Amino acid sequence: PRSGKTSQPLTEAEIESVVAGFKDAARKAAEAGFDLIEIQGGHGYLISQFLNRKTNRRSDRYGQDRTAFADQVLAAVKAGAKSRSISGGTLKPIS
């Protein structure tokens, strides 16, 4: 549904907060005993939006290197998950 509002790019501080949230969620999943943590990055989700040149029109480092956000999320999840397996087979933009 359309709200009539124009979305605004996340600030770098907001991006850092989102990445920290991924790390915290991975830590909680590991503490809860999950064997596998899956990162959903396709189908229009936030990671996909950073990867996709149609939705990522940023002029900062996240626009110059569209994989930067996904790389940060993956590193954060690995750090939070410790030795748990991580799956991210759906890290691709929508065409």
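For the structure, see preceding data.
Trainee: Describe the overall build of the protein, and please don't skip the residues or the numbers.
Mentor: Looking only at helices and strands, the protein features 4 helices and 2 strands. Mapped from its N terminus to its C terminus, the protein presents α and β elements in the order α-β-α-α-α-β. Taking the principal axes of the C-alpha coordinates as reference, the protein spans close to 40 × 30 × 25 Å. Per-residue burial over the protein gives 28% buried out of 95 residues. Here the analysis covers contacts within the protein between residues at least 6 apart in sequence; of these, 69% occur between residues at least 24 apart. Surface summary for the protein: the accessible area is close to 6,500 Å², and the carbon and sulfur share equals 50%. Positive and negative charge centroids in the protein, built from 15 and 10 side chains respectively, lie 6 Å apart.

Trainee: Talk me through the packing of aromatic side chains; I want residue IDs and the actual numbers.
Mentor: This structure, assessed with the given rule, holds 2 aromatic pairs. Note on phenylalanine 50 and tyrosine 62: the rings are 5.8 Å apart at their centroids and 70 degrees apart in plane angle, and the pair reads as edge-to-face. Of this pair, phenylalanine 50 sits in helix α2 (residues 46-51) while tyrosine 62 is found in helix α3 (residues 61-64), placing the two residues 12 residues apart along the sequence. The pair phenylalanine 50 / tyrosine 62 is uniform in exposure class, with both members buried.

Trainee: Now, about the nonpolar core: what can you tell me, with residues and values included?
Mentor: Ranked by size, the top nonpolar core spans 17 residues in total, and within it Ile47, Phe69 and Val73 carry the most contacts. Of all elements in the fold, only α1 (12-31), β1 (36-40), α2 and α4 (68-81) reach the threshold of two or more residues within this core. A total of 7 residues in this core trace back to one element, the largest contributor, which is α4.

Trainee: Residues and numbers for the environment of alanine 76, please.
Mentor: Looking at the secondary structure, you find alanine 76 in helix α4. Considering only alpha carbons, one finds alanine 76 and aspartate 24, 52 residues apart in sequence, at a separation of 8.5 Å. Apart from the residues within four sequence positions on either side, alanine 76 is in contact with Val19 and Lys23.

Trainee: Tell me about unusual backbone geometry, residues and numbers included.
Mentor: Of note, histidine 43 is a non-glycine position whose phi angle comes to about 60 degrees, a positive value. The topology assignment puts histidine 43 in the loop between β1 and α2. Here histidine 43 falls in the exposed class, since its relative accessible area comes to 58%.

Calculation rules
Residues numbered from 1 in each chain as written. Predicted model: local features only at pLDDT ≥ 70, side-chain atom pairs only at ≥ 80, totals over all residues. Heavy atoms only, no water. Helix = DSSP H or I, 4+ residues; strand = E, 2+ residues; numbered from the N terminus. Buried < 20%, exposed > 50% of the residue type's maximum accessible area, 1.4 Å probe, protein only. Contact = heavy atoms within 4.5 Å. Areas by Shrake-Rupley, 256 points an atom, 1.4 Å probe, with all protein chains shown as cover. Lys, Arg positive; Asp, Glu negative; His and termini not counted. Charge placed at Lys NZ, Arg CZ, Asp CG, Glu CD. Phe/Tyr/Trp six-rings, centres within 6.5 Å; stacked < 30°, edge-to-face > 60°. Core = buried A, V, L, I, M, F, W, Y, C linked by side-chain atoms within 4.5 Å.

By themselves, these are just geometric observations and shouldn't be taken as functional.
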